[in-house]
Amino acid sequence: MIPILLIEIISALVGLVCLGALTVRFICVRLNRTQGSGAGRERARRHAAWGVGLVAAAAVHGASATLYASGAHAGAYACGWAALACFVLCAVSMARFAHLNASESRRSHLGLFITGVIFFAGHVVAARLW
C-alpha cells in the first residue's frame, strides 16, 4: 500500500502546482498584465499543458486515493471527483469541436474553472475536517 500512497501524494502535489499555475494565469489575465509574456500560440500551448497536467494528476490522485481507501470523509471524495469533472469539462469546452460560439466557450471555460476551484477547496476542507 505504500507505493499507492506515494502515488497519491505525488499526484496531489503535481496537481496543486498545475492548479496554482493556471490560477496565477487567470489572475494575470483578469488584471490585464499579460502583455509581453510571449506569443499567443505559445501561451495557449502552455495553458493547455498545465490543464492536461492538472486533469491527469487529479485522475491519478483520485484513483489512487480510492484504491488506498484512506478513510477520508465521503464529502472529500465527492468534492474531489466533482472538481475533476469540472476541469475535464473545462478542457472540453475549449476543444476545437466544441467551438460553436467562441465567446460562449470562453465563458463556460471560465465558469467551469472557477467551479472546479471551489470544489477543490471543498475537497481540501472536507479531507482535513473529518
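The rules behind the values
- Residues numbered from 1 in each chain as written.
- Predicted model: local features only at pLDDT ≥ 70, side-chain atom pairs only at ≥ 80, totals over all residues.
- Heavy atoms only, no water.
- Helix = DSSP H or I, 4+ residues; strand = E, 2+ residues; numbered from the N terminus.
- Expected span 1.5 Å × (residues − 1).
- Buried < 20%, exposed > 50% of the residue type's maximum accessible area, 1.4 Å probe, protein only.
- Phe/Tyr/Trp six-rings, centres within 6.5 Å; stacked < 30°, edge-to-face > 60°.
- Axes fitted to C-alpha atoms, helices over the stretch in contact; angles between N-to-C directions.
- Parallel < 35°, antiparallel > 145°, perpendicular 65-115°, else oblique.
- Left-handed = near helix turned anticlockwise from the far one by under 90°.
- Nonpolar A, V, L, I, M, F, W, Y, C, P; charged D, E, K, R; others polar.
- Core = buried A, V, L, I, M, F, W, Y, C linked by side-chain atoms within 4.5 Å.
- Patch = residues over 30% accessible without salt bridge, like charges linked within 9 Å, V, L, I, M, F, W, Y side chains within 5 Å.
- Areas by Shrake-Rupley, 256 points an atom, 1.4 Å probe, with all protein chains shown as cover.
- Salt bridge = Lys/Arg side-chain N within 4 Å of Asp/Glu carboxyl O.
- Polar contact = N/O pair within 3.5 Å; in protein donor to acceptor, adjacent residues only side chain to side chain.
- Contact = heavy atoms within 4.5 Å.

**Looking at helix α3 (residues 74-93)**
Part 1: For α3, with 20 residues, the first-to-last C-alpha span of 28 Å sits near the 28 Å given by 1.5 Å per residue.
Part 2: Buried within α3 are the following residues: A76, C79, A82, A83, L84, C86, F87, C90 and S93.

**Quick look at the packing of aromatic side chains**
Part 1: Scanning the entire structure with this criterion turns up 2 aromatic pairs.
Part 2: With a centroid separation of 6.2 Å and 50 degrees between ring planes, the pair formed by F26 and F113 is classed as tilted. Separated by 87 residues along the polypeptide, F26 in helix α1 (residues 2-30) and F113 in helix α4 (residues 102-129) bring together distant segments of the chain.
Part 3: Arranged with centres 6.0 Å apart and planes meeting at 45 degrees, the rings of F87 and F113 form a pair that is tilted. Here F113 lies in helix α4 and F87 lies in helix α3, a separation of 26 residues in the sequence.
Part 4: Relative accessible area serves as the criterion here: at 6%, F87 is assigned to the buried category.
Part 5: What links up through ring pairs into an aromatic cluster is the set F26, F87 and F113.

**A look at the packing of α1 against helix α2 (residues 40-68)**
Part 1: Where α1 meets α2, the axes come as close as 8 Å, and the angle between the chain directions of the two elements is 150 degrees. In terms of axis orientation, α1 runs roughly antiparallel to α2. Once α1 is placed against α2, the crossing between them reads as left-handed.
Part 2: Taken together, the residues of the contact of α1 with α2 break down into 17 nonpolar, 7 polar and 3 charged.

**A short note on the nonpolar core**
Part 1: Core analysis: the largest hydrophobic core is formed by 8 residues, namely C18, L19, L22, L54, A83, F87, C90 and F113.
Part 2: Listed by contribution, the elements that provide at least two residues to this core are α1 and α3.

**What to know about a nonpolar patch on the surface**
Part 1: Taken together, the side chains of I2, L6, I10 and V14 define a hydrophobic patch exposed on the protein surface, amounting to about 380 Å² of accessible area.
Part 2: Under the relative-accessibility criterion, L6 is labelled partly exposed at 46%.

**Looking at the side chain of S64**
Part 1: Along the polypeptide, S64 turns up in helix α2.
Part 2: Looking at S64, its side chain comes within polar contact range of the main-chain oxygen of H61, at 3.1 Å.
Part 3: Once residues lying within four places of it in the same chain are set aside, the contact partners of S64 are I4, I7, E8 and S11.

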